[in-house]
Protein chains: 2
Amino acid sequence: MYVRDLTEDDLLSVITPHLPHAEGVIVPSGDDCAVIPAPDGRYAVSTDMLVEGHHFRRDWSSGTDVGWRAAMQNLADAAAMGAMPRTVVVSMGLPGNLPVSWLEGFARGLAEACASTGCGVDGGDLVASETLTVSVTVMGDLERREPRLRSAARPGQALIHCGVLGRGCAGLKLLERGYTRETGVLPPTQTGLIDDFLRPKPPLAQALDACRENRIGAMMDVSDGLIRDARRMAKASNVWIDIRSSYLEQHVEVLIPVARRLGLSDPWEWAMKAVLTGGEDHGFLATLERPAERAWGPHTLALPEGFSRIGEVREAHAGGFITVDGRTVEYGGGWDHFQG
Amino acid sequence: MYVRDLTEDDLLSVITPHLPHAEGVIVPSGDDCAVIPAPDGRYAVSTDMLVEGHHFRRDWSSGTDVGWRAAMQNLADAAAMGAMPRTVVVSMGLPGNLPVSWLEGFARGLAEACASTGCGVDGGDLVASETLTVSVTVMGDLERREPRLRSAARPGQALIHCGVLGRGCAGLKLLERGYTRETGVLPPTQTGLIDDFLRPKPPLAQALDACRENRIGAMMDVSDGLIRDARRMAKASNVWIDIRSSYLEQHVEVLIPVARRLGLSDPWEWAMKAVLTGGEDHGFLATLERPAERAWGPHTLALPEGFSRIGEVREAHAGGFITVDGRTVEYGGGWDHFQG
């Protein structure tokens, strides 16, 4: 059964049974608008669009994968602001030849990702399109905290990160070479990379817990690659961000066997580049205030749970910039949707 | 210059100078999320997607028209809930061969429509797509009022409407026959119909003023045709909604010259059908409490400004339904995106 065989109301009746409502929702979806509580008198909002052939491929990703990813990359944007994701609304452009089972899988993936953090799905729109398109808008609750801005990095703070780096990039590379989660050729450590690409798992709870501590300066979601996103933070904050490559070894090591499997000439170099510039990992980059007294050193700085130190924030005198190990970055700037 | 010649940051710099911010915005767009005030502790939210070839044609609509329409149909959803639209976020899927001037026009139309009601544009996403796609999410402020639900129609209330009916449908028909706003063949009354199709002008302020009066029962945006949307209200409220065709004559008369121009065999019949089933007008359908004392009649019922009476709400005994002049409706159910 395909989308073209059903009416909009029929399609809605396939999707809606899977979808959770926001906690305390005042008017659920089905009217002109849903009405959602904003207990502290503010809400954080962000939106993202995914397009088949650009952000996902149906031969790689199931509907459930795409629903999961569409939700997660938005939930990560809310958490990166320090906001608990409360609800999403979802619009879809559907080709007539899309199997209805794909759409149902999408709804399941979306619901699963949202339910993992207590978020609802409280509105949407289904329209016909030649190109399978998903647009998600997330709204979050700051729970009386100050929003965590990318412009709040200050010299003297430590640069910290929570989540994976380079795994999405490596998973994509394996898929491009014809490997899948199912072929049985890859060891579990490597099918795990493919799974992380298809279903990113941003550590939402750890990012939000860190925000509750009040030592976080800047925070942002790393979706376009560490260097590119760290550069955005440096420019917004007008600081020099120095990433220390030795702090990234744990991320690099995991990827070296993949580089060997792919027959790449310099496995370490490729793995480090994947860690520094690979996108779609959706970890959290933040800066951390040091204690006021100067009795600290690299090993005594207490980090929020799940975060690792990856560099330093220093003073910049003429606009923000980034370095790796104190040197200007040779690698490209990461992912651009129009010129990627 | 085309979209493919620029980076995402370049494209953003074309758009953003045109866009207003929400009043009192706490964090403007540019971070992971915008942060918007919700002074009464709630917000209304709705989302819509427009796809080229399905919801607009570039040979009929300029970028400015599409930006205007994309905003207006969302602003109407907020107002139909009784919520003052405060901000929208906008995602776009852009083909590489889209002229950048089209995108700039879109931003201007979007901004113009939003500015007309003091609404901001506080976030978005630009991605590459083979199909030109626009997704808008609106958030509104209920200003301490109760939301106006489509399930709140009650027997004894008057059915009232504010805005135009059938004009979008007639404008579309003229475009399909090759007429445009520019050809100079049509009298201004008929180019006005084309303009209303390309740039719907929902009476947002009148709908919101009506909500402030507290005599409104149900309210909804009429986007898919009067009969289809009135049926949704009847079903949600479990009432019988009877539309009186004589109350629609003012809408029908305007369209009869169009029917004549198009050489249709029964101009009145076609015009009435356009009024009853034509979509995309974005007027407001509502029900109105009568005064408690029974000293009223059809001519003494004081209507909110801009609203006309178009029928009655009566008791239903086995599920909501609609009639026109007491008779079951012969016309089709209006527009369906997938089977239209």
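Residues numbered from 1 in each chain as written. Chains lettered and ligands numbered in written order. Predicted model: local features only at pLDDT ≥ 70, side-chain atom pairs only at ≥ 80, totals over all residues. Heavy atoms only, no water.

A look at the UniProt feature "binding site: Mg(2+) 2" (unreviewed entry) in chain A
Working step 1: As recorded in UniProt, the feature "binding site: Mg(2+) 2" (unreviewed entry) lies at Asp48(A) and Asp77(A). The named residues occupy 30 residues along the chain; their greatest pairwise C-alpha distance, 9.5 Å, places them in one compact cluster.
Working step 2: Summarising the element assignment, Asp48(A) is placed in strand S2 (residues 42–51).
Working step 3: Not counting residues within four places of it along the chain, the set of residues in contact with Asp48(A) comprises Gln73(A), Asn74(A), Asp77(A), Val134(A), Ser135(A), Val136(A), Ser91(B) and Asp125(B).
Working step 4: A distance of 3.5 Å separates a polar atom in the side chain of Asp48(A) from a polar atom in the side chain of Gln73(A).
Working step 5: Tracing the sequence through the fold places Asp77(A) in helix H2 (residues 63–80).
Working step 6: Judged by relative accessible area, Asp77(A) falls into the buried class, the value being 8%.
Working step 7: In contact with Asp77(A), other than residues within four places in its own chain, are Ser46(A), Asp48(A), Asp221(A), Asp32(B) and Cys33(B). (UniProt positions renumbered as here; feature names shortened; annotations may be inferred. Helix = DSSP H or I, 4+ residues; strand = E, 2+ residues; numbered from the N terminus. Contact = heavy atoms within 4.5 Å. Polar contact = N/O pair within 3.5 Å; in protein donor to acceptor, adjacent residues only side chain to side chain. Buried < 20%, exposed > 50% of the residue type's maximum accessible area, 1.4 Å probe, protein only.)

Points about the domain arrangement of chain A
Residues and elements named next belong to chain A.
Working step 1: The domains assigned to chain A are domain 1 (3–141) and domain 2 (158–328).
Working step 2: Of the residues lining the interface, 19 residues belong to domain 1; the matching set on domain 2 comes to 20 residues.
Working step 3: The interface formed by domain 1 and domain 2 includes four salt bridges.
Working step 4: The closest approach of N and O atoms between Glu-280 and Arg-69, which form a salt bridge, is 2.7 Å.
Working step 5: Taken together, domain 1 and domain 2 are joined by five residue pairs in polar contact (both at pLDDT 80 or more).
Working step 6: Of all elements in the fold, only H2 and strand S3 (84–94) reach the threshold of two or more residues within the side of domain 1 that touches domain 2.
Working step 7: A total of 11 residues in the side of domain 1 that touches domain 2 trace back to one element, the largest contributor, which is H2.
Working step 8: Its residues placed into classes, the side of domain 1 that touches domain 2 shows 10 nonpolar, five polar and four charged. (Domains from an automatic or database assignment. Salt bridge = Lys/Arg side-chain N within 4 Å of Asp/Glu carboxyl O. Nonpolar A, V, L, I, M, F, W, Y, C, P; charged D, E, K, R; others polar.)

Some words on helix H8 (residues 249–261) of chain B
Residue and element names in this part refer to chain B.
Working step 1: An ideal rise of 1.5 Å per residue puts 18 Å on 13 residues; H8 measures up with 19 Å between its terminal C-alpha atoms.
Working step 2: At Leu-255, H8 shows its maximal bend, which comes to roughly 30 degrees, and the proline Pro-257 appears one to four places after that position.
Working step 3: Among all positions of H8, only His-251, Val-252, Leu-255, Ile-256, Val-258 and Ala-259 are buried.
Working step 4: In this structure, the buried side of H8 is in contact with strand S6 (158–162), helix H4 (167–176), helix H5 (188–198) and helix H9 (267–277).
Working step 5: Immediately downstream of H8, the backbone of Gly-263 shows phi near 70 degrees, a positive value. (Expected span 1.5 Å × (residues − 1). Bend = angle between axes of the 7 residues up to and from the residue.)

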